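Topology and contacts: notes
The residues making up each chain are set out below.
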Amino acid sequence: MTTVLLVEDDPAISEPLTRALTREGYEIRAHGTGRGALNDLVDVDLLVLDLGLPDIDGLDIIREIRSQGSDVPILILTARTDEVDIVVGLDTGADEYVTKPFRLAELLARVRALLRREGTDTTDDSLQCQDIRVDVSAHRAFQGERELHLTAKEFELLRILVRSAGNVVPRDLIMREVWGSDPSSSTKTLDMHISWLRRKLGDEANHPRYITTVRGMGFRFERG
């Protein structure tokens, strides 16, 4: 299993991010300090690192890791939006960055891209249920032999639903993963995109073949 070392001291970020990465199929080892991370680098496939840690600056952690000869991919999380800070982070040895506040779907996509680059991503690149196939790495979806022409949001919706086929996917989870939204905010946009996705699948809300609305909870992609 692919192991991700998550170093973030804010529980409001680390806890939902841990859950999201776990759902993606990764083993997560989480730390709230830089020293804890430096002592736990064995058998790590990817480091997701907050630069603003309470004990050690994230840039110093990157320098220490690289000075040890480690080439583990490093994705930095930073609230430092100044271009100079980002460039310094990349020059120090980081491979990729995401600025806070970030959209969860974007961060997960960058994690997958880094792991594919390293050839260590063991999550499913191809998801299938009924006659629907989602090629995650190629960002393409098919219904039988017909390619579905989906927007980026529709593709993410389909990927999340097919990934959890047979199970209800809560509205708040979808809103966080696709829009990075507070789940207490309006989900009218979600309903609209589900409607568009159903139309492209030839699905009917009242007699669904693929996507069932579970009242008060979310949506379920039927196994058939």
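Our structure is the block above this text.
What counts, and at which threshold
Residues numbered from 1 in each chain as written. Predicted model: local features only at pLDDT ≥ 70, side-chain atom pairs only at ≥ 80, totals over all residues. Heavy atoms only, no water. Pairing = 2+ DSSP bridges. Helix = DSSP H or I, 4+ residues; strand = E, 2+ residues; numbered from the N terminus. Axes fitted to C-alpha atoms, helices over the stretch in contact; angles between N-to-C directions. Contact = heavy atoms within 4.5 Å. Buried < 20%, exposed > 50% of the residue type's maximum accessible area, 1.4 Å probe, protein only. Arc of directions from axis to C-beta. Polar contact = N/O pair within 3.5 Å; in protein donor to acceptor, adjacent residues only side chain to side chain. Phe/Tyr/Trp six-rings, centres within 6.5 Å; stacked < 30°, edge-to-face > 60°.

1. Brief notes about the sheet that holds strand S10 (residues 168–170)
Across the sheet, 3 strands lie side by side as S10-S12-S11; this open sheet has antiparallel pairing. The strands lining the two open edges of the sheet, one partner per strand, are S10 and strand S11 (211–214). Neighbour to neighbour, the strand axes of the sheet diverge by 30° on average, direction disregarded. In terms of strand pairing, S11 meets strand S12 (residues 218–221) through 4 bridges, oriented antiparallel. Looking across to S12, one finds that threonine 212 is bridged to arginine 220. Taken strand by strand, helix H7 (residues 171–179) contacts S10 and S12, and its axis lies near 65° from that of S10.

2. Structural notes on helix H3 (residues 58–67)
Within the sequence span of H3, burial applies to Gly58, Leu59, Ile61, Ile62 and Ile65. Projection of H3 onto a plane perpendicular to its axis shows the buried side chains occupying an angular sector of 155°, all on one side. Structurally, the start of H3 carries an N-cap: the backbone nitrogen of leucine 59 is 2.8 Å from a side-chain oxygen of aspartate 57. Taken from the residues just after H3, glycine 69 is the one with a positive phi, measuring 90°.

3. Overview of the sheet that holds strand S6 (residues 126–129)
Spatially, S6-S7-S8-S9 is the arrangement adopted by the 4 strands of the open sheet, whose pairing is antiparallel. Each edge of the open sheet is held by one strand with a lone partner, namely S6 and strand S9 (146–148). Averaged over all adjacent pairs, the angle separating strand axes in this sheet is 25°, with direction ignored. Sheet analysis places strand S7 (residues 132–135) next to strand S8 (residues 140–143), joined by 4 bridges and oriented antiparallel. Residue isoleucine 132 lies in a different strand from S8, and its bridge partner there is glutamine 143. Seen against the sheet, helix H6 (residues 152–163) touches S6, S7, S8 and S9 and runs at an angle of roughly 115° to S7. Packed on one face of the sheet, helix H8 (residues 188–201) meets S7, S8 and S9 and runs near 170° to S9.

4. Re the packing of aromatic side chains
Enumeration over the complete set of coordinates arrives at 1 aromatic pair. With centroids separated by 5.8 Å and ring planes inclined at 35°, the aromatic side chains of tyrosine 210 and phenylalanine 221 adopt a geometry described as tilted. Within this pair, whereas tyrosine 210 is found in the loop between H8 and S11, its partner phenylalanine 221 is found in strand S12, the two being separated by 11 residues in sequence. Both residues of the pair, tyrosine 210 and phenylalanine 221, count as buried.

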